[in-house]
Every structure is written in C-alpha cells, then in structure tokens.
Amino acid sequence: MTEYIILIVVIAVLLLGVGGTMLLQRPRGMHGVRRSRARELDLTGSMPKVEDKTSADTITVPPPAPPGQRPAEPQAPPKPTLEKPPPSAGRMVRLRARLARSQSGFGSALLGLLSRDRLDDDTWDEIEEVLITADVGVAPARQITADLRTRVKVEGTRTPEEVRTMLRIELLTQVETEASRSLRTQRHEGRPAVVLVVGVNGTGKTTTCGKLARSLVGDGQTVVLGAADTFRAAAADQLETWGGRVGAKTVRSDKEGADPASVAFDAVSTGIEQEADVVLVDTAGRLHTKNDLMDELGKVKRVIEKRTAVDEVLLVLDATTGQNGLRQARVFAEVVDVTGIVLTKLDGTAKGGIVIAVQRELGVPVKLVGLGEGPDDLAPFDAATFVDAILGG
C-alpha cells in the first residue's frame with residue numbers, strides 16, 4: 001500500500017514539472033494569454049494606468065456642458081476690419097496746401113517779374129524762361145508770354161492784385177480743356193465700367209490703381225481689380241493688398257509670366273458676373289521703346305473688347321520726368337487710345353507746367369493727380385484749384 005502511494009506522488013511530481021515547463025515555453029505574443037491577476041491589479045485593486053505612447057502632445061478635453069445647456073461651438077477667427085476711405089469729392093482742395101508748397105517757386109517768379117515797373121524785352125525773355133523751366137514746353141511758353149504781353153499793353157497800370165488776376169486768367173486758359181475730366185466709372189447698360197491703367201515702369205502705376213480703387217469704394221462703388229502685370233509677382237501681391245483693405249476682389253494668375261490678356265479677360269468676366277460697378281485692370285509696366293511689349297498692350301485691350309468695351313485708358317506719368325514723360329505719352333497714345341492722364345508725384349520736385357504740356361501734346365485731359373504718398377492722396381484734377389496753388393492764393 002505504501003509503495004502505491006509513493007508511486008502516485010512521483011508521477012504527480014513528474015506531471016507538474018512537465019506542465020510548468022510548457023507554460024514557461026509558451027510564446028508571449030500568442031492570443032489568449034492571460035496575465036496574472038496580481039500584475040493586472042495594483043495595490044488598490046484598480047486597473048493600471050495605461051500611458052499613450054502615440055503622441056507627445058497633451059490633448060485638453062473641454063469640460064462637459066452643464067445639463068440642459070448646449071456645448072459651446074468653436075469660434076471662427078475674426079474677419080479683418082475693412083477700411084472706409086473718404087469720398088473723392090474735395091480731395092484736391094484738402095491737398096491744396098501741399099501742392100502750393102511744391103509749386104510756389106514757379107508762381108512767385110512769374111508774379112515777381114510781372115510786377116516790375118518796367119517790362120522790357122529782357123524781362124519778357126525771363127518770363128518765357130521761367131515757363132520753359134517749369135516744363136510748360138517751348139511752344140506753350142511762347143504763347144503765354146505773347147498773351148501776357150498783349151494784356152499788359154492793353155490794361156496799362158498793374159497793381160499786385162491786377163498782376164495776379166491777369167496771370168491767373170492766362171494760366172487757367174492754358175490749363176482748361178474742352179474735354180471732360182470726369183472718369184467714366186459708372187455701371188451702364190447692365191455691365192461694369194472697365195478702366196485700363198497703363199504706363200512705364202516706375203511711374204507708380206500699380207499704386208495708382210490701388211489708390212483709385214480706394215477712391216471709388218469711398219464713393220460707394222463696388223470694384224474688381226485685375227492683376228494683369230504677370231511679369232512681377234510683387235505687383236499682383238501689392239494690388240491684392242490694396243484691394244483687401246477695402247473689400248475689392250483681385251483676380252490674378254497663380255502662375256508667374258501668365259498671359260496678361262487672359263488675366264484681364266478673367267477680371268472683366270468676374271466683374272460682369274458679380275455685377276460690380278467698375279473693373280480696374282493694372283497692366284505690366286513697359287518701355288515705350290519696346291515694340292513687342294507695346295504690341296502686347298494692344299492685345300490686352302483687344303481681348304477685353306471681345307467681352308465688353310473699355311471705357312477708360314488711363315496713362316500714368318511721373319510728373320518729375322518732364323519732357324521725357326511726353327515722349328512716353330506719344331507712343332502709348334498711338335497704341336491704346338489714351339482717354340486720360342494721371343500725373344503722379346506732383347507734390348515733389350515736379351514742375352506744374354507739365355499739366356499744360358501733356359494736355360497740349362496729347363489732346364486728352366489730366367484727370368487725376370498724385371499729391372503725396374498716403375493711400376488717399378490721389379485726387380481728381382481741378383484746374384482752378386491747381387492754378388491757385390501755383391500762385392499761392
């Protein structure tokens with residue numbers, strides 16, 4: 001009996017040894033493996049904390065909303081505040097003092113010469129020279145001098161006030177023009193007005209386009225901008241910045257060097273679809289001596305006219321370039337039929353006589369003048385205000 005018990009114990013021990021060895025050799029990655037209860041539970045009997053190794057960022061979960069209250073919705077980023085430009089009316093009057101400071105030398109010299117007791121040939125030569133130096137041009141200067149000489153002979157005595165009045169009348173006669181200075185920027189025949197802005201590099205063409213958009217928005221009009229200067233990505237960026245400040249949409253190409261005519265066409269199409277009041281198309285600056293570039297400018301205008309008419313072609317001239325600006329103007333006028341002149345930098349070293357010269361040369365009026373670097377320093381040209389600023393009155 002004892003022998004049987006010993007045999008049973010030995011067999012049990014052997015079986016237990018074999019079973020333990022099999023458990024130790026069982027693969028750890030197999031499904032169905034149960035961890036010991038002691039490893040699964042911590043000392044408090046709760047489940048162990050599992051650390052998420054997938055992300056180093058801490059995710060903050062907002063606290064639940066109180067019962068009966070809807071959870072707060074995420075707030076959208078605030079929209080940029082649009083600027084409200086002042087209307088264009090009266091701008092030149094407000095900027096008159098700035099214009100007078102830059103032109104006072106021209107007017108003062110003429111008043112001083114005409115106020116002399118004796119006006120001999122040498123004095124009249126000086127008067128003509130002052131006019132030519134002020135960029136009036138040789139032919140207009142001679143005409144003004146001859147007219148003033150006749151007035152002096154007829155009227156005789158000259159008090160300072162009479163001299164000023166006489167000179168004001170003569171300058172107004174030269175600056176005034178029969179052509180209308182108004183900009184055709186009103187929506188008509190169920191379509192927006194289309195304005196093409198042209199000029200050489202460095203005249204402030206893109207800036208003028210942006211300032212004009214501000215002025216039109218200030219007058220209550222809706223504007224679409226066309227960035228057809230595709231040779232300079234900075235020009236399109238600059239125009240888009242101007243438009244973004246006042247809520248004007250800018251149509252541009254994502255590809256540098258794209259066809260300018262195509263961008264202009266898309267801008268006009270967008271303006272028609274959105275029922276805008278005005279479409280302003282900024283073109284690439286080009287040298288007036290480069291025939292291929294000038295031909296391309298003509299193409300831009302022709303492509304736009306496949307969709308609708310071009311109402312204005314504004315030529316931007318740097319007033320400080322004097323007679324060189326006139327040579328540029330002649331070539332542009334031959335290619336795109338210029339309807340108006342924008343003179344920029346007239347508040348700087350420019351001579352006021354360029355207004356007379358460019359109108360006489362092209363037969364088209366000066367419609368806008370740039371009188372400073374500020375965003376609202378582009379003003380509709382007014383002849384009387386301009387002449388009074390020259391004379392310091």
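Located above this text is the structure these notes cover.
My aim in this report is to walk through the structure given alongside it, one point at a time. Remember, it's a predicted structure, so these values are computed and weren't measured experimentally. (Residues numbered from 1 in each chain as written. Predicted model: local features only at pLDDT ≥ 70, side-chain atom pairs only at ≥ 80, totals over all residues. Heavy atoms only, no water.)

### Quick word on the overall build of the chain
Now for step 1: When you go through the chain residue by residue, the secondary structure sums to 14 helices and 8 strands.
Now for step 2: Buried positions account for 43% of the 393 residues belonging to the chain.
Now for step 3: If you take every contact in the chain between residues at least 6 apart in sequence, the share linking residues at least 24 apart comes to 76%.
Now for step 4: For the chain, the exposed surface amounts to about 22,300 Å²; the carbon and sulfur share of it is 54%. (Helix = DSSP H or I, 4+ residues; strand = E, 2+ residues; numbered from the N terminus. Buried < 20%, exposed > 50% of the residue type's maximum accessible area, 1.4 Å probe, protein only. Contact = heavy atoms within 4.5 Å. Areas by Shrake-Rupley, 256 points an atom, 1.4 Å probe, with all protein chains shown as cover.)

### A look at the nonpolar core
Soluble globular proteins tend to bury their nonpolar side chains together.
Now for step 1: Core analysis: the largest hydrophobic core is formed by 76 residues, its most contacted members being Ile304, Leu315, Ile341, Leu343, Phe381 and Phe386.
Now for step 2: With sequence-adjacent residues up to four places away left out, Phe386 is seen in contact with Met92, Leu99, Val175, Leu346, Gly352, Val355 and Phe381.
Now for step 3: Within the second largest apolar cluster, 20 residues are counted, among which are Val195, Ala213, Ala227 and Val316. (Core = buried A, V, L, I, M, F, W, Y, C linked by side-chain atoms within 4.5 Å.)

### Re unusual backbone geometry
Now for step 1: The backbone phi angle of Asp337 is positive, close to 55°, even though this residue is not glycine.
Now for step 2: Within the secondary structure layout, Asp337 lies in the loop between α12 (323–336) and β6 (340–344).
Now for step 3: At Lys345, a position not held by glycine, the phi torsion is positive, near 60°.
Now for step 4: Following the sequence through the fold, Lys345 ends up in the loop between β6 and α13 (354–362).

### Section: the pattern of salt bridges
Now for step 1: All told, the structure shown has 20 salt bridges when counted by the stated rule.
Now for step 2: Note that Arg149 and Asp121 form a salt bridge whose closest N and O atoms lie 2.4 Å from each other. One end of the pair, Arg149, is in helix α6 (residues 138–155); the other, Asp121, is in helix α5 (residues 121–133), and 28 residues separate them in sequence.
Now for step 3: Residue class for Arg149 comes out partly exposed when judged on its relative accessible area of 31%.
Now for step 4: We classify Asp121 as partly exposed; its relative accessible area is 49%.
Now for step 5: For Arg142, the salt bridge identified is with Glu128, shortest N-O distance 3.6 Å. Residue Arg142 is found in helix α6, and its partner Glu128 is found in helix α5; the two are separated by 14 residues along the sequence. (Salt bridge = Lys/Arg side-chain N within 4 Å of Asp/Glu carboxyl O.)

### Notes on the sheet that holds strand β2 (residues 223–228)
Now for step 1: Taking strand neighbours across the sheet as the criterion, the 8 strands line up as β3-β2-β4-β1-β5-β6-β7-β8 in an open arrangement whose pairing is mixed. Each end of this open sheet is capped by a strand with a single partner; those strands are β3 (249–251) and β8 (378–380). In this sheet, neighbouring strand axes are inclined to one another by 25° on average, regardless of whether the strands run parallel or antiparallel.
Now for step 2: Two elements, strand β1 (residues 193–198) and strand β4 (residues 278–283), share 5 bridges in a ladder whose sense is parallel. (Pairing = 2+ DSSP bridges. Axes fitted to C-alpha atoms, helices over the stretch in contact; angles between N-to-C directions.)

### Focus: the pairing of β1
Now for step 1: Counting buried positions over the 6 residues of β1 gives 6, a clear majority of the element.
Now for step 2: Burial along β1 is two-sided: Ala193, Val195 and Val197 and Val194, Leu196 and Val198, pointing in opposite directions, are all buried.
Now for step 3: When β1 meets strand β5 (residues 312–318), the two strands line up parallel, connected through 4 bridges. Within β5, the position partnered with Val197 by the bridge is Leu314.

### A short note on the side chain of Lys211
Now for step 1: Within the secondary structure, Lys211 is located in helix α8 (residues 205–218).
Now for step 2: This buried residue, Lys211, is left without a salt bridge; Glu373 holds the nearest opposite charge, at 5.5 Å.
Now for step 3: In this structure, Lys211 is in contact with Trp242, Gly372, Glu373, Gly374, Pro375, Asp377 and Leu378, ignoring residues within four places of it in sequence. (Lys, Arg positive; Asp, Glu negative; His and termini not counted.)

### Some points on the environment of Leu167
Now for step 1: Following the sequence through the fold, Leu167 ends up in helix α7 (residues 160–175).
Now for step 2: A sequence separation of 16 residues divides Leu167 from Arg151, and the C-alpha atoms of the two residues are 9.7 Å apart.
Now for step 3: Beyond its immediate chain neighbours, meaning those up to four positions away, Leu167 contacts Leu110, Leu111, Leu114, Leu148 and Leu391.

### Some words on the pairing of β2
Now for step 1: Counting buried residues in β2 gives 6 out of 6 residues, a clear majority hidden from the surface.
Now for step 2: Across the two faces of β2 the burial is the same, with Val223, Leu225 and Ala227 and Val224, Gly226 and Ala228 all buried.
Now for step 3: With 6 bridges joining them, β2 and β4 adopt parallel strand pairing. Across the sheet, residue Val223 finds its bridge partner in β4, namely Val278.
Now for step 4: Relative to β3, β2 runs parallel, the two sharing 3 bridges. In the strand pairing of β3, Val224 is matched with Lys249.
Now for step 5: A crossover links β2 with its parallel partner β3, the connecting element being helix α9 (residues 233–246), and its sense is right-handed. (Right-handed = clockwise from strand over helix to strand, strands pointing away.)

### Some details on α9
Now for step 1: With 14 residues, α9 extends 21 Å from end C-alpha to end C-alpha; this agrees with the ideal 20 Å at 1.5 Å per step.
Now for step 2: Considering only its buried residues, α9 is in contact with α8, β2, β3 and β4. (Expected span 1.5 Å × (residues − 1).)

### Digging into α5
Now for step 1: Across its 13 residues, α5 extends 18 Å between first and last C-alpha, which sits within 8% of the 18 Å expected from 1.5 Å per residue.
Now for step 2: Looking at α5, one finds that the buried residues are Thr123, Trp124, Ile127, Glu128, Val130 and Leu131. Viewed end-on, α5 has its buried residues packed into an arc of 155°, placing them on one side of the element. Among the exposed residues of α5, those pointing more than 90 degrees away from its buried face are Asp122 and Glu129.
Now for step 3: Looking one or two residues past α5, Asp135 carries a phi angle of roughly 70°, positive in sign. (Arc of directions from axis to C-beta.)

### Let's talk about the packing of aromatic side chains
Now for step 1: Tallied over the full model, the rule gives 1 aromatic pair.
Now for step 2: Between Phe381 and Phe386, the aromatic rings sit 5.2 Å apart at their centres with planes inclined by 55°, giving tilted as the arrangement. In terms of burial, Phe381 and Phe386 fall into one category: buried.
Now for step 3: Over the face of the ring belonging to Trp242 we find Arg245, whose NZ or CZ atom lies 5.4 Å from the ring centre. (Phe/Tyr/Trp six-rings, centres within 6.5 Å; stacked < 30°, edge-to-face > 60°. Lys NZ or Arg CZ within 6 Å of the ring centre and 35° of its normal.)

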